[in-house]
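Residue strings, one per chain:
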Amino acid sequence: MRTVTLIPGDGIGPEVAEATRRVVDATGVGIEWEVHEAGLPAIERYAAPLPPHVLTSIRTNKVALKGPVTTPVGTGFRSINVALRQELDLYASVRPCVLYPGVPSRYESIDLVVVRENTEDLYEGIEFEEGSREVEKLRGYVKYMHGFEIAKDAGVSVKPISISATEAIVRFAFEFALRRRRRRVTLGHKANIMKFSDGVWLENGIKMADTYRSVGFEEMQVDELAMWLAHAPEELDVIVLPNLYGDIISDLCAGLIGGLGLAPGMNLGKEYAVFEPTHGSAPDIAGQGRANPIAMILSAVLMLRHLDRPAEANSIEQGVARVLAEGRVRPADLSPEGRSSSTTEIAEAIIETL
Ligand code: NAI
């Protein structure tokens, strides 16, 4: 029996986590779930959104399945998602985007994967608040060293991109492409404008790509990439991006395949893996039984593959595909005006196919 840390999260998290757990258990795979609170319930109980025992559990089990958690605004708590990625060095975020038959979409076939660098870039949290003494000092320094004038009323965020993190994530993208028999890696950047951050990304990405001659490679400015994704997403395969572009483009890709309710994800490091849907805690529909659990169920499919349980993973994925194709149940986010199925009904329909 394999033990996995289960973090239901908050908002719609507990609803989609329960549906997912039922589906996984119904395969008979025999996962033992170690359930821990994080996010709003953990703040109430432990005065911390990510109590240390949750991290200890993931470190012990190596694998976690996580629901979404709210990042409270203006409370001083930092995002637990960012904290988890940094604490466990989950440097690669992987978000597969597959268009299943039966899902309303403008496109016919999409099967792409966004690989996002998870640790640095503008998300590293190096920020200077508008009006602060620190930003004043920074303005003086930048003027003195470089002659640039930062506006007096500006706030500043710093964008570090390192050779080592670039090499690690681009290597990861190629290894992933090789293992999954993918044909091409597209590296997105804006190196023409940010010469010293995206410049490092592009230059070292190309060097790394040179060592993987059996997989196709192209580099593309991220604005052009956005245009291609809207125009002909079937042309794209594996896309590797720095943190911020990866965040935006992976939500765009979720939109291409029917929305956030269908978009799974995983965060991987050398030692630990945390599987979670792309979507957030959706406070607007929390507690109503209307959340689509498929994004989290497909995240569990990725987890089962990681745990080397391909039979159970395939069985659940085929069940999801069948339920969507037959239209027997309709998640609320896929049929805003028609009759829709509850979170539980969707899970039960998938379980029936197993
Ligand atoms: P969100 O993803 O929670 O919601 C955006 C829209 O999509 C809402 O209209 C929501 O109802 C809908 N939606 C999302 N998931 C759905 C599902 N499974 N089924 C049906 N509809 C679904 O994004 P939002 O509103 O920007 O963020 C809410 C909170 O979640 C914030 O505190 C944010 O920081 C947090 N968040 C957490 C993430 C995580 O834990 N990995 C990821 C993204 C956001």
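Residues numbered from 1 in each chain as written. Predicted model: local features only at pLDDT ≥ 70, side-chain atom pairs only at ≥ 80, totals over all residues. Heavy atoms only, no water.

Peer 1: Would you mind showing me how to read a nonpolar patch on the surface here?
Peer 2: Together, Y141, Y144 and M145 line one region of the surface with nonpolar side chains, adding up to about 400 Å² of accessible area. Position of Y144 among the secondary structure elements: in helix α5 (residues 133-146). (Patch = residues over 30% accessible without salt bridge, like charges linked within 9 Å, V, L, I, M, F, W, Y side chains within 5 Å. Areas by Shrake-Rupley, 256 points an atom, 1.4 Å probe, with all protein chains shown as cover. Salt bridge = Lys/Arg side-chain N within 4 Å of Asp/Glu carboxyl O. Helix = DSSP H or I, 4+ residues; strand = E, 2+ residues; numbered from the N terminus.)

Peer 1: For this particular structure, what's the right way to read empty space enclosed by the protein?
Peer 2: In this approach a probe as big as a water molecule rolls over the atoms, and the regions it shows empty are the leftover space. Inspection of the entire model under this criterion finds two cavities of 30 Å³ or more. Of the volumes computed, that of the largest cavity is approximately 50 Å³. Along the walls of the largest cavity sit V82, R85, Q86, R116, N118, T119, E120, Y123, E124 and N243, which together make up its complete lining. Of the residues assigned to the lining of the largest cavity, the class counts are two nonpolar, four polar and four charged. Among the domains, domain 1 (1-90 + 263-354) and domain 2 (106-118 + 160-256) are the pair contributing at least three residues each to the lining of the largest cavity. (1 Å grid on protein atoms, 1.4 Å probe; cavity = no way out; pocket = protein on both sides within 12 Å on 5 of 7 lines; lining within 4 Å. Points joined across faces, edges and corners; volume = space filled by probe spheres on them. Nonpolar A, V, L, I, M, F, W, Y, C, P; charged D, E, K, R; others polar. Domains from an automatic or database assignment.)

Peer 1: For this particular structure, what's the right way to read the side chain of N243?
Peer 2: Position of N243 among the secondary structure elements: in helix α9 (residues 243-256). A polar side-chain atom of N243 sits 3.1 Å from the main-chain carbonyl oxygen of E120. (Polar contact = N/O pair within 3.5 Å; in protein donor to acceptor, adjacent residues only side chain to side chain.)

Peer 1: What is the right way to look at the domain arrangement of the chain in this model?
Peer 2: Put simply, an interface is often sized by how much accessible area is lost when its parts join up. Examined at the domain level, the chain breaks down into domain 1 (1-90 + 263-354), domain 2 (106-118 + 160-256) and domain 3 (121-158). Placing the centre of domain 2 and that of domain 3 at their C-alpha centroids yields a distance of 29 Å. Each side of the interface is counted separately: domain 2 has seven residues, and domain 3 has six residues. Carbon and sulfur atoms make up 60% of the surface buried where domain 2 meets domain 3, a total of about 590 Å² over both sides. Among the residues domain 2 hides against domain 3, the three largest losses belong to P160, N243 and L244. Together they make up 77% of the total. For the side of domain 2 that touches domain 3, the element with the most residues is α9, which contributes three residues. Considering only residue class, the side of domain 2 that touches domain 3 consists of four nonpolar, one polar and two charged. (Contact = heavy atoms within 4.5 Å. Buried area = accessible area lost by both parts, 1.4 Å probe.)

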